[in-house]
Amino acid sequence: MLGKRHSLDSLADENWDLIVIGGGITGAGVLLEAARRGHRVLLLEQTDFAWGTSSRSSKMVHGGLRYIAQGDIRLTRHSLLERERLIEELPGLVERATYLFPLRKGVFPGRLPMKAILWLYDFLAGIRDHRYLNREQLLERVPGLNSQSLTGAMSYTDALTDDCRLVVRVILEAARHGGLAQNYCRVEQTEPSGEGYAVTVTDRTTEQTATLRARRVISATGAWADRFSGSDPRVRPLRGSHLFVNPERLPVKDCLTVMHPDDGRPVFVFPWEGVTCVGTTDLDHPQDMDIEAAASGQEVDYLLRLINSQFPKVDLNRDDIYSTIAGVRPVIASGKGMDPSKERRDHAVWGENGIVTVSGGKLTTFRLIALDALLASGLIDSAAHKRGQKTTEPGFIPISDAPQAVDAFLHANQGDPVFIQWILDNEDVVHLDDLMLRRTRLGLLLPEAGKGLLDSLRQQIQSTLGWDDAYWEEERRRYLEIHQRYYGVPASPAQQAVG
Ligand SMILES: Cc1cc2nc3c(=O)[nH]c(=O)nc-3n(C[C@H](O)[C@H](O)[C@H](O)COP(=O)(O)OP(=O)(O)OC[C@H]3O[C@@H](n4cnc5c(N)ncnc54)[C@H](O)[C@@H]3O)c2cc1C
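Because the structure is a prediction, the values reported are computed rather than measured.

Caption draft 1: Summary view of the side chain of Thr 200. Along the chain, Thr 200 turns up in strand β9 (residues 196–203). A residue is classified by how much of its surface remains accessible, and Thr 200, at 19% relative accessible area, is buried. For Thr 200, the residues in contact, after removing those within four places along its chain, are Arg 186, Val 187, Glu 188, Gln 189, Thr 209, Ala 210 and Thr 211.

Structure below.
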């Protein structure tokens, strides 16, 4: 990253200390922690940075109340300490937010168990930031919330981010320490060779293939991990989808956790980048992982049912949804065929044929996951691993020469030409969808895929990236098609049957 694409021939000239496969948050974290320690490290991403699960999360940098409720104190504590660290180191990009957990008569958990859980939650994070809101206070903060058997709510804090910008920020930081990352480079094969590995790569922008050399390889390929691990399959792919909703139709100020009327699952409704976000679902995803994940008509129906039961006067429908997004969670399977929502969300690191695979876990704990992978690969020893786990390790250096929006997720205007220019100059945009769906989220946040904005961005993009008119038209068509197929609003199965 930082605007310069390297030919595969030049990458093949080097004997890398480490090649990282996968440009999601886990790969980005490994790149940064290895580069920070002086290793020559290269990250290769088959599509775009954060194109996988890391652009499709619930955007929460959090301890996770569900983990504490499941008795997973270790995961909760680690996540909370990382949350606090990220809030401090990346102000603007990781921001504290108020969360509300409405309480209803006869529904578990009631006020006292929630109070105890939140006391422990805050204690583990080293803060004190929870309180009780009575029914009237809650309805004042969340007008329109179904008031039936509502008794009040517990209010507490966690944090929100833009997951894509977080990945990009971690890669930019790694680049400042000498790490190299290249998108649209698919690793086809890895095999032991001499003292290290031969890694066969195709650059998808040129279709050129080359073999690179590295002393170590870490596969941080998330839901694709079983392809490289060489071991028995361990990943259970679970799909989670979100809706991005017109904020005028469903305005919320805080992150609400509400229970789905069908199955009692908790679902978040929260304000994000000026729209209202609703999610997630949690379903097995047996589909081909080479095809981009997309929300199904049933999932949209399920999330609409949730909103219309929790906000009975809103009567939300498909016309109110700007876009959808679906991510595949790389859950390390228990193998017990349990309910998807009950599978543990911890990460795992394992190695076969000398290649270390890391998968599962959370956005929030990327730094700790990276350290575990580096320890397993032998690039750090256990003393360095232990030191790294301490939150006193040196952190992110502010980017002083970039517009503020590079380090902020609550952009007043993501279409700001200065911000767009920085991205075009520094953040390796290859396709229009990289810019509209990941570097910015304009394609998700605006009605009709942000079509109205494309004309005003056209000249700036064409002149910076050297695209002629025909190339622009091709990129525009490609972007709108991707949006419609994978980020659009699929019809209800009932409508599809009629159609
Ligand atoms: C619906 C949902 C909500 C979530 N919400 C939260 C949340 O709020 N907070 C939180 O902390 N966590 C959350 N998570 C979990 C978190 O998003 C994931 O744990 C995390 O993004 C996984 O990152 P990753 O880098 O391991 O995988 P990915 O982001 O999927 O990255 C793997 C990358 O590897 C690439 N790749 C695969 N094969 C190759 C190859 N052959 N060559 C090169 N590259 C390859 C892929 O293209 C992909 O980009 C959520 C997950 C889901 C699904």
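Caption draft 2: Structural context of the environment of Asp 254. Its location among the elements puts Asp 254 in the loop between β11 (235–245) and β12 (255–259). Each C-alpha atom of the pair Asp 254 and Asp 284 lies 29 Å from the other, and the pair is 30 residues apart in sequence. Here Arg 141 takes part through its side chain, which lies 2.6 Å from a polar atom of the side chain of Asp 254.

Caption draft 3: Structural context of the domain arrangement of the protein chain. Taken as a whole, the protein chain is organised into domain 1 (8–54 + 164–234 + 342–389), domain 2 (95–159 + 236–337) and domain 3 (411–487). Centre-to-centre, using C-alpha coordinates, domain 2 lies 30 Å away from domain 3. Domain 2 puts twelve residues into the contact, and the matching count from domain 3 is 13 residues. Overall, the association of domain 2 and domain 3 removes approximately 1100 Å² of surface from exposure, summing both partners, and the carbon and sulfur fraction of that is 57%.

Caption draft 4: Summary view of the side chain of Ser 323. Along the polypeptide, Ser 323 turns up in strand β16 (residues 321–332). Of note is the side chain of Ser 323, whose polar atom sits 2.8 Å from the backbone oxygen of Leu 444. If we skip the residues at most four places from it in the chain, Ser 323 touches His 242, Leu 243, Phe 244, Gly 443, Leu 444, His 483, Tyr 487 and Val 489.

About the cut-offs
Residues numbered from 1 in each chain as written. Predicted model: local features only at pLDDT ≥ 70, side-chain atom pairs only at ≥ 80, totals over all residues. Heavy atoms only, no water. Helix = DSSP H or I, 4+ residues; strand = E, 2+ residues; numbered from the N terminus. Buried < 20%, exposed > 50% of the residue type's maximum accessible area, 1.4 Å probe, protein only. Contact = heavy atoms within 4.5 Å. Polar contact = N/O pair within 3.5 Å; in protein donor to acceptor, adjacent residues only side chain to side chain. Domains from an automatic or database assignment. Buried area = accessible area lost by both parts, 1.4 Å probe.

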